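# Residue-level structure breakdown
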Amino acid sequence: MILFELLIKTRDQLIQKDKMAALGRLASGIAHEIRNPLEIIYMGMDYLENNLPDDDPHIHESIEKIFNAVGRADNIIKKRFIISRQFSIQNHSTPPVVPCLITY
């Protein structure tokens, strides 16, 4: 009976790890999809900053606010990746090997 319980526990651990891996792949995909438009916004703002006249301080103040907002959004994504990776490393233990009893 102990062997069966160990087998069930190991199976449950493997299922949970598979779910966490799938969730990690989903989060990574979402982060990638968010970061692409952020990069385009950043490049567009850089272009505007370098090509607009310097005589209007309000324009450059607005550009700086947008740069800061894009930077904050990017930092949020980076922090989530760091937390996710730390969680993955902490919880990545291989389940115990279960001896198999095969009877014919």
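Presented here is a report on the structure given in the accompanying data block. Just so it is clear, the model here is predicted, and its values are computed rather than measured. Here the residue numbering is sequential within each chain, running from 1 through the sequence in written order. With pLDDT at 70 or above as the cut-off, local features in this predicted model cover only qualifying residues; side-chain atom pairs require 80 or more to be listed or tallied, and sums for whole chains, interfaces and linings still use all residues. Water and hydrogen atoms were dropped before computing side-chain values, which therefore reflect all heavy atoms in the structure.

As a further point, take the environment of Ile-66. Summarising the element assignment, Ile-66 is placed in helix H2 (residues 57-90). Once the C-alpha coordinates of Ile-66 and Tyr-42 are considered, the two residues, 24 residues apart in sequence, prove to be 8.3 Å apart. Helix and strand labels come from DSSP, where a helix needs a run of H or I of at least four residues and a strand needs a run of E of at least two; each type is numbered from the N terminus.

A few words now on helix H1 (residues 2-51). One fewer than the residue count of a helix, multiplied by 1.5 Å, yields its expected span. An ideal rise of 1.5 Å per residue puts 74 Å on 50 residues; H1 measures up with 73 Å between its terminal C-alpha atoms. Each residue is assigned to one of three classes by its accessible area relative to the maximum for its type, calculated with a 1.4 Å probe on protein chains only: buried under 20%, partly exposed between the two thresholds, exposed over 50%. Looking only at H1, the buried set comprises Thr-10, Ala-31, Leu-38 and Met-45.

With that settled, the discussion passes to the pattern of salt bridges. By definition here, a salt bridge exists when the distance from a side-chain nitrogen of Lys or Arg to a carboxyl oxygen of Asp or Glu is within 4 Å. On inspection of all chains with the given rule, the structure shows 4 salt bridges. With its nearest N and O atoms 2.9 Å apart, the salt bridge here joins Arg-11 to Asp-12. A salt bridge links Asp-74 to Lys-78; the shortest N-O distance between them is 3.2 Å. Separated by 4 residues within a single helix, Asp-74 and Lys-78 lie in helix H2, roughly one turn from each other. Among the charged side chains, a network of salt bridges with common partners joins Arg-35, Asp-74 and Lys-78.

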